[in-house]
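A closer look at the structure
Each chain, letter by letter, is given below.
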Amino acid sequence: MLLLVLGGALADRMPRHHIMVAANLFSAVAQAALAALVLTGGAELWQLLLLSAAGGAGYAFYSPAAGGMIMESVAPEHAARAFSVFRMGLNGAQIGGAALGGALTAAIGPGWVLAVDAGCFLVAAVLRFFLETQPLTTARGGGMLRDLREGWQEFASRRWLWVIVLQFSVLVACVSAVEAVYGPIVARQHLGGARAWGLAMAAYGTGLVSTGLLMVRWHPRRILLVGNWGVFLFGVPALALAVAAPLPVLAAAMFLSGVGVTVFGVNWMIALQQEIPAEAFSRVAAYDELGSLSLAPLGTALAGPAADALGLSGALWACAAISLVLSAAVLLEPQVRRLARRTPAAPAARSGEAAEPVVPAAGAHP
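As the structure is a prediction and not an experimental result, all values here were calculated from the model.

1. Let's talk about the overall build of the protein
- Scanning the protein for helices and strands turns up 15 helices and zero strands.
- At 21 Å, the protein has a C-alpha radius of gyration in line with the 21 Å of a compact globule built from 366 residues.
- Counting only C-alpha atoms, the protein reaches 55 × 50 × 35 Å along its principal axes.
- Of the contacts made within the protein by residues no fewer than 6 positions apart, 85% connect residues no fewer than 24 positions apart.
- With an accessible surface of roughly 17400 Å², the protein has 71% of that area assigned to carbon and sulfur atoms.
- Each charge sign in the protein was given a centre, from 21 positive and 18 negative side chains, and these centres are 7 Å apart.

2. Some words on unusual backbone geometry
- Not every positive phi belongs to a glycine, and A244 is a case in point at roughly 50°.
- Counting through the fold element by element, A244 comes out in the loop between α10 (236-242) and α11 (247-275).
- The exposure class of A244 is partly exposed, given its relative accessible area of 33%.

3. A closer look at the pattern of salt bridges
- Tallied over the full model, the rule gives eight salt bridges.
- When the shortest N-O distance is used, the salt bridge between D12 and R283 registers 2.7 Å. You can see D12 sitting in the loop between α1 (4-11) and α2 (16-40) and its partner R283 sitting in helix α12 (residues 281-293), a full 271 residues away along the chain.
- Residue D12 is classed as buried on the basis of its relative accessible area, which comes to 2%.
- For the salt bridge of D147 with R13, the shortest nitrogen-to-oxygen distance reads 2.6 Å. You can see D147 sitting in helix α6 (residues 144-156) and its partner R13 sitting in the loop between α1 and α2, a full 134 residues away along the chain.
- Ionic contacts of the salt-bridge type, sharing partners, join the residues D12, R16, R146, E150 and R283 into one network.

4. Details of the packing of helix α13 (residues 296-310) against helix α14 (residues 312-330)
- One can describe the packing of α13 onto α14 by two numbers: an axis separation of 6 Å at closest approach and a directional angle of 115°. Taken as a pair, α13 and α14 cross one another with a handedness that is right-handed. Contact with α13, carried on its side by A306, A307 and L310, involves L312, G314, A315 and A318 of α14 and no other residues of that element.
- Here the residues of the contact of α13 with α14 are counted per class, giving six nonpolar, one polar and no charged.

5. Section: helix α9 (residues 223-231)
- Taken across its nine residues, α9 has eight buried, putting it largely inside the fold.
- Among all positions in α9, only I223, L224, L225, V226, G227, N228, G230 and V231 are buried.
- At its buried positions, α9 is contacted by α7 (159-191), α11, α14 and α15 (334-338).

6. Observations regarding the packing of aromatic side chains
- If you walk through the whole model with that rule in mind, you get nine aromatic pairs.
- A ring pair is formed by W152 and Y287, whose centres lie 5.4 Å apart and whose planes are at 70°; its orientation type is edge-to-face. Taken together, the residues span a long stretch of sequence, with W152 in helix α6 and Y287 in helix α12 at a distance of 135 residues.
- Judged by relative accessible area, Y287 falls into the buried class, the value being 14%.
- Linked through ring pairs, W160, F168, F234, F264 and W268 together constitute an aromatic cluster.

7. Comments concerning α12
- Taking 1.5 Å per residue, 13 residues should reach 18 Å; α12 reaches 18 Å between its end C-alpha atoms and fits that length.
- With 11 of 13 residues buried, α12 is to be regarded as a mostly interior element.
- Within α12, the full set of buried residues consists of F281, S282, R283, V284, A285, A286, Y287, D288, E289, G291 and S292.
- Buried positions along α12 lie against α1, α2, α3 (45-73), α6, α7 and α11.

8. Quick look at the confidence of the model for the protein
- Looking at the protein as a whole, its pLDDT mean stands at 84, while 91% of the residues score no less than 70.
- Confidence drops under a pLDDT of 50 for residues 346-366, and excluding neighbours within four residues, the segment shows 36 contacts in the predicted structure.

9. What to know about the state of the cysteines
- Within the structure shown, the criterion is met by zero disulfides.
- Cysteine C174 shares no disulfide, and the gap to the nearest cysteine sulfur, in C319, comes to 4.4 Å.

10. A word on a nonpolar patch on the surface
- A contiguous nonpolar patch, built from L25, L122, V126, F129 and F130 and spanning about 520 Å² of accessible area, is present on the exposed surface.
- With three residues, helix α5 (residues 110-129) is the largest single contributor of residues to the nonpolar patch.
- Relative to the helices and strands, V126 is located in helix α5.

Cut-offs and rules
Chains are numbered independently. Their residues run from 1 in the order of the written sequence. Two thresholds apply to this predicted model, a pLDDT of at least 70 for residue-level local features and 80 or more for giving and counting side-chain atom pairs, whereas whole-chain, interface and lining totals are computed over all residues. Side-chain descriptors were evaluated using all non-hydrogen atoms of the structure, hydrogens and water having been removed beforehand. In DSSP terms, a helix is any run of H or I states spanning at least four residues, a strand is any run of E spanning at least two, and both are numbered starting from the N terminus. To get the radius of gyration, use the C-alpha atoms; to get the globule rule, take the number of residues to the power 0.38 and multiply by 2.2 Å. The criterion used for residue contact is that any of the two residues' heavy atoms lie within 4.5 Å. Per-residue accessibility takes into account occlusion by the displayed protein chains alone, with areas from the Shrake-Rupley method and a 1.4 Å probe. Working convention for charge: Lys and Arg count positive, Asp and Glu count negative, and His plus the chain ends are omitted. Each charge is placed at NZ for Lys, CZ for Arg, CG for Asp and CD for Glu. Any residue under 20% of the maximum accessible area for its type is buried, any over 50% is exposed, and the rest in between are partly exposed; the area is computed with a 1.4 Å probe on protein chains only. Each salt bridge in this description consists of a side-chain nitrogen of Lys or Arg and a carboxyl oxygen of Asp or Glu lying within 4 Å of one another. Axes here mean lines fitted to C-alpha atoms, for a helix over just the part in contact, with angles spanning 0 to 180 degrees between N-to-C directions. The sense of a crossing depends on the near helix, which, turned anticlockwise from the far helix by less than a right angle, makes the crossing left-handed and, turned clockwise, makes it right-handed. In this classification, Asp, Glu, Lys and Arg are treated as charged, Ala, Val, Leu, Ile, Met, Phe, Trp, Tyr, Cys and Pro as nonpolar, and every other residue, Gly included, as polar. Only Phe, Tyr and Trp rings take part, Trp by its six-membered ring, and two of them pair if their centres are within 6.5 Å. Stacked means planes under 30 degrees apart, edge-to-face means over 60, and tilted covers everything else. What a helix should span is 1.5 Å times the count of its residues minus one. Residue-level confidence of the predictor, termed pLDDT, takes values from 0 up to 100. Any cysteine sulfur atom paired with another within 2.5 Å is treated as part of a disulfide. In this scheme, patches are assembled from residues that exceed 30% relative accessible area and form no salt bridge. Like charges are connected within 9 Å, while nonpolar side chains (Val, Leu, Ile, Met, Phe, Trp, Tyr) are connected within 5 Å.

This is the structure we're talking about:
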């Protein structure tokens, strides 16, 4: 969190794939050190904390650079299909990676799994080293503080952008509490334990990946309006858990949540590529990610006290209500309702002009 905006500023100033390579190498070293400590049995808590923070630092530099590189690599006319395929690959790798990690941990132990992870970071760095990219053509003077101020101006000048980021700062905190704390507890108390929660998470993953196929062909006109309809589905699992629904119902709720995440994610990527200047994208992406994730640790930390105060069911109802209210409240912002997909031939918006997004003709359907 602390280094994200710095990573975004560097990624708009330096070749992005060089930053990705450096971040991968740094993460490889951190994971290798962690693996060595675990394998030798000498790991202490302070060492685990320090190396976990190092992994977060690597991600803070990698993520804004990766986001900028993805956006600049895709032509606008192919954006919907490309971003849908990207989301399918990303979500499929996360789901498959978690399953593979569990299987390898059982087979060879956690220390060796961490060593394999370090090797994967190293392989990623080597692959990215050979990427051929076009360097940014915009030369900028001034120092890092000026870059950060300019990035903030790009971010703050678009109401649709910061309104949705503000929505997600609270929404992600609620989703984190549900998935990391409340879901496993309800599964243990009413559904038979970890196996049931694992099946529910598998249904969520299926929704994530399968909806990518839909988004390859579905190109809605009003991208943020449709994307926010997907956000309404984020609170469905909390509703199912609040009433201790049977496993098939919970799995269906988790599947719908996965559908919503992909519907929003693809349309959000299209909106960012369309509206944010390429030379400022990584800084804007860093502010976006910082705002969206900043309250997630707090949500997890407060999950226990909230359940003590409201009861487990009451806390889940509260999370569901907050998710639904925030999804509806965002639609009060006209820019969210009106921002529309441009055809590739349409002129790009100048910096700060997203306040007047393209609006479909009267009677046009999203």
